[in-house]
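Breakdown of the fold
The chain contents come next:
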Amino acid sequence: MLPNNNLVLNAVPATTNVNSVAQWSDKIIRASFMVFSTNAGDTGNIQLQTSNDFPVGLPANQFQPSHWTNLGSPVVIVGGGTAMVTYQELCYEYLRIVFTSTNGAATGFITVRMKSDGL
């Protein structure tokens, strides 16, 4: 097994809507995502999205897909805590996290880490 631990979103203001950079998941078998919120007023939704776009014109780990679909339901983030988005037995070319803020007055930050095991 090849373990990996990536910072997918790093201290993103909780008032913004943001898509993470695509994570090439060619050899990933399973992955989990931990979401951290720094302020009790931070609220929003975290959605895991997948893509099977074929990388064209760039190395696969630099390609940014244009076709995405939601995997599962969004996880509601209630500020000042953590939440886990977990999926196993992945078989997608790319993964990304989408954060959608539901509080325009939030003052904290959202961070997401991806832990994966692969070949």
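Heads up: the structure comes first, above all this text.
If you're wondering where the values come from, they're calculated on a predicted model, not measured in any experiment.

Conventions and cut-offs
- Residues numbered from 1 in each chain as written.
- Predicted model: local features only at pLDDT ≥ 70, side-chain atom pairs only at ≥ 80, totals over all residues.
- Heavy atoms only, no water.
- Helix = DSSP H or I, 4+ residues; strand = E, 2+ residues; numbered from the N terminus.
- Rg over C-alpha atoms; globule rule 2.2 N^0.38 Å.
- Buried < 20%, exposed > 50% of the residue type's maximum accessible area, 1.4 Å probe, protein only.
- Contact = heavy atoms within 4.5 Å.
- Areas by Shrake-Rupley, 256 points an atom, 1.4 Å probe, with all protein chains shown as cover.
- Pairing = 2+ DSSP bridges.
- Core = buried A, V, L, I, M, F, W, Y, C linked by side-chain atoms within 4.5 Å.

In this section: the overall build of the chain. If you tally the helices and strands in the chain, you get zero helices and ten strands. A globule of 119 residues ought to have a C-alpha radius of gyration of about 14 Å, and the chain, at 14 Å, matches this closely. Out of the 119 residues belonging to the chain, those deemed buried represent 43%. Of all intrachain contacts in the chain linking residues separated by at least 6 positions in sequence, the fraction that spans at least 24 positions is 85%. Total accessible area on the chain stands at roughly 6300 Å², and carbon and sulfur atoms take up 55% of it.

With that out of the way, let us pick up the environment of L48. Tracing the sequence through the fold places L48 in strand β5 (residues 43-51). Look at L48 and you get buried, because its relative accessible area is 1%. In sequence terms L48 and W68 are 20 residues apart; their C-alpha atoms lie 9.8 Å from each other.

Most of strand β4 (residues 28-37) sits out of view: seven of its ten residues are buried. Here β4 pairs with strand β10 (residues 109-118) via nine bridges, running antiparallel. Residue pairing for β10: F33 is matched across the bridge by M114.

Our next topic: the pairing of strand β9 (residues 94-101). Burial runs high along β9: seven of the eight residues are buried. Alignment of strand β2 (residues 18-19) against β9, held across two bridges, turns out to be antiparallel. What sits directly across from N19, in β9, is V98. Two strands pair when backbone bridges link them, and strand β3 (residues 23-24) and β9 are joined in this way by two bridges, in the antiparallel orientation.

With 22 residues, the main nonpolar core has F33, I46, L48, I97, I110, V112 and M114 as its most contacted residues. Counting only elements with at least two residues in this core, the list comes to β1 (2-13), β4, β5, β8 (82-87), β9 and β10. Excluding its chain neighbours within four sequence positions, the residues that come into contact with I46 are V35, P74, V75, I77, V85, I97, V98, F99 and V112.

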